[in-house]
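# Architecture at a glance
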Amino acid sequence: MTPVPPDLPDPLTLLLIEDDAGDAFLVEELLADADRPPKITWARTLAEGRERLTDDVQCVVVDLSLPDATGLEALEQVIAMAPNTAVLVLTGLGDTHAGIEAVAAGAQDFLVKQDVDARLLIRAIRYAIERKRADLAMRELLQERIVSKENSRLERGLLPVPLLDPTLLQHQARYLPGRTGGLLAGDFWDTVQTPDGAVHVLIGDVCGHGPDEAALGTALRIAWRTLVLAGQTGNDVLRTLDTLLRHERKSPEIFTTMCSAAISPDLTTARLHVIGHPPPLLLRDGVLGVVTETPSGPPLGIFPDIEWTPIDVTLGERWSLLLYTDGLIEATVGENRDLLGTEGLANLIRAQEGIDLDRIIASLDGAMHDDVAAVLVSRGRTGIAGVTGITEVTGIMGAGEGRA
């Protein structure tokens, strides 16, 4: 029983470049036996084939002995004019080596004219088309991987390196983009120490997800670092960031929440600005509490000409200060998949008898669905005393009081 040859795709448009009318007629006759005969456009020369090449051509069958091009030169010109199309080469009986060289040079297959029958020709055309599809898919995958690696290198380069004397404070920072395959998201953080010894910590969150938000967050972070190192503080910095946001954002609905802490050179007090952002947690004297439930003001990009109120906090000799984005407290926990919330985060830390970002993130593995950034700065050894429930941190000086 004669095996059934693989059939041709339907519809199939074929460009045949062959100067010999007899060979062209033979190809047409053999393909007429297919269950779904293709539409064949015949060209006698390479120049004529270039004119008759259309976007719907899926395969070019080309003789390597043409009046205006021969050998690999003919093949190279066909590939150049139809880079995304399968190419099947026809050779004479004595040019088998030329067919092998053609495949090595980019053709999907070759056939010796004297050996061709209907079944072999149909199968060769079908397999050539499939090989070309596979080649194109592999090329696209390779390009995607190259772009992905380039993006990864770029994103790694945009992540901050803390400018901090490691002997003064313990510093932990973790960054988990919610964007699949991303290293950078709309959340951002930074830590810098100025020449006077003060330590400045920033955490922020650009609303939305994706590369545009990541770029905006990076711009805000770099601007903040530059301003702080230039000696700017407080509302001067925030007004500049607000102006930058309004000019750089893609739409007027984009806003940014932030929390910054300027820790005094003696490391015993801090001035915070909570800009529409989740309040930081402070572990002091064994007691864990939320710094304030009252923010300094609205997020950046909402209202023009805003003055944000500073929040001055006494830290003491041993303390830990945790700044984080809402992706951490919006983790879903428990059987009902409830939001963790600030209270839940405090209870989690209390159960672990201390603040450690790796332990917190590990305990919430699979529960976090948004971008997450967190920065923890600590002075001395800190631990949790036997206190239940979350408390507001006491010892807060009046806004604008204390140190300048």
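Residues numbered from 1 in each chain as written. Predicted model: local features only at pLDDT ≥ 70, side-chain atom pairs only at ≥ 80, totals over all residues. Heavy atoms only, no water.

### With respect to the overall build of the protein chain
A tally of regular secondary structure across the protein chain gives 10 helices and 21 strands. Taking all 404 residues of the protein chain together, the buried fraction comes to 49%. In the form shown here, the protein chain has an accessible surface area of approximately 19,300 Å², with 53% of it arising from carbon and sulfur atoms. (Helix = DSSP H or I, 4+ residues; strand = E, 2+ residues; numbered from the N terminus. Buried < 20%, exposed > 50% of the residue type's maximum accessible area, 1.4 Å probe, protein only. Areas by Shrake-Rupley, 256 points an atom, 1.4 Å probe, with all protein chains shown as cover.)

### Topic: the pattern of salt bridges
Within this structure, the stated rule accounts for 15 salt bridges. A salt bridge links Asp 312 to Arg 271; the shortest N-O distance between them is 2.7 Å. Taken together, the residues span a long stretch of sequence, with Asp 312 in strand β15 (residues 311-314) and Arg 271 in strand β12 (residues 269-275) at a distance of 41 residues. When sorted by exposure, Asp 312 lands in the same class as Arg 271, which is buried. The residue Glu 317 makes a salt bridge to Arg 379 at a minimum N-O spacing of 3.4 Å. With Glu 317 in the loop between β15 and β16 (319-324) and Arg 379 in strand β19 (residues 372-379), this residue pair connects regions lying 62 residues apart in the sequence. For Glu 317, a relative accessible area of 55% corresponds to the exposed category. Each of Glu 18, Asp 23, Asp 63 and Lys 113 takes part in a single network of salt bridges with overlapping partners. (Salt bridge = Lys/Arg side-chain N within 4 Å of Asp/Glu carboxyl O.)

### Notes on the pairing of strand β13 (residues 281-284)
Burial along β13 is two-sided: the face carrying Leu 281 and Leu 283 and the face carrying Leu 282 and Arg 284 are both buried. Both β13 and strand β14 (residues 287-290) contribute to a ladder of 4 bridges, which runs antiparallel. Considered in β14, the bridge of Leu 282 is made with Gly 289. Joining the antiparallel neighbours β13 and β14 is a turn of 2 residues, in which Asp 285 adopts a positive phi near 55°. Sheet analysis places β13 next to β16, joined by 4 bridges and oriented antiparallel. Note on β16: the bridge partner recorded for Arg 284 is Trp 319. (Pairing = 2+ DSSP bridges.)

### Considerations on the confidence of the model for the protein chain
When pLDDT is averaged along the protein chain, the result is 85, and 86% of the positions lie at 70 or above. In the model of the protein chain, strand β21 (residues 396-397) stands out as the element of lowest mean pLDDT, 40, in contrast to strand β11 (residues 256-263), which has the highest, 97. Scored below 50 in pLDDT, residues 394-404 makes 29 contacts in the model with residues more than four places away or belonging to other chains. (pLDDT = per-residue confidence, 0-100. Contact = heavy atoms within 4.5 Å.)

### Comments concerning the side chain of Thr 332
With respect to the secondary-structure elements, Thr 332 resides in strand β17 (residues 332-333). A distance of 3.1 Å separates a polar atom in the side chain of Thr 332 from a polar atom in the side chain of Arg 337. (Polar contact = N/O pair within 3.5 Å; in protein donor to acceptor, adjacent residues only side chain to side chain.)

### Here's the deal with unusual backbone geometry
Within the chain, Leu 267 stands out as a residue other than glycine whose phi angle is a positive 65°. Along the chain, Leu 267 falls in the loop between β11 and β12. For Leu 267, a relative accessible area of 5% puts it in the buried group.

### Thoughts on the sheet that holds strand β3 (residues 57-63)
The parallel open sheet is built from 5 strands, whose spatial order is β2-β1-β3-β6-β7. Pairing within the sheet leaves two strands with one partner each, and these edge strands are β2 (39-43) and β7 (109-112). With direction set aside, neighbouring strand axes in the sheet form an average angle of 20°. Summarising the sheet, strand β1 (residues 13-17) and β2 pair through 5 bridges and their orientation is parallel. In the sheet register, Leu 14 faces β2, and the bridge partner there is Ile 40. Helix-sheet contacts for helix α1 (residues 21-31) involve β1, β2 and β6 (86-91), and the interaxial angle to β2 is about 175°. (Axes fitted to C-alpha atoms, helices over the stretch in contact; angles between N-to-C directions.)

### Considerations on the pairing of strand β10 (residues 199-206)
Of all 8 residues in β10, 8 are buried; the element is thus mostly enclosed. Connecting the antiparallel pair strand β9 (residues 187-193) and β10 is a turn made up of 5 residues, with Gly 197 showing a positive phi of about 95°. For β10 and β11, the ladder comprises 8 bridges, and the chain directions are antiparallel. Note that in β11 the partner of Gly 204 across the bridge is Met 258.

### Quick notes on the packing of helix α3 (residues 71-81) against helix α4 (residues 96-105)
Close contact between α3 and α4 brings their axes to 10 Å; oriented N to C, the two are set at 30°. Classified by the angle their axes make, α3 and α4 are roughly parallel. Pair α3 / α4 crosses with right-handed handedness. Where α3 abuts α4, its residues Leu 72, Leu 75 and Ile 79 lie against Glu 101, Ala 102 and Ala 105. When grouped by side-chain class, the residues that make up the contact of α3 with α4 number 5 nonpolar, no polar and 1 charged. (Parallel < 35°, antiparallel > 145°, perpendicular 65-115°, else oblique. Left-handed = near helix turned anticlockwise from the far one by under 90°. Nonpolar A, V, L, I, M, F, W, Y, C, P; charged D, E, K, R; others polar.)

### Comments concerning the nonpolar core
Ile 263, Trp 319 and Leu 321 are the most contacted members of the largest nonpolar core, which totals 27 residues. The set of elements that each furnish at least two residues to this core consists of β8 (170-176), β10, β11, β12, β15, β16 and β19. Each residue touching Leu 321, except ones within four places of it in the same chain, is listed here: Ala 261, Pro 280, Leu 281, Leu 282, Val 291, Val 375, Leu 376 and Val 377. By size, the runner-up hydrophobic cluster in this structure holds 24 residues, among which are Leu 281, Ile 329, Ala 346 and Leu 357. (Core = buried A, V, L, I, M, F, W, Y, C linked by side-chain atoms within 4.5 Å.)

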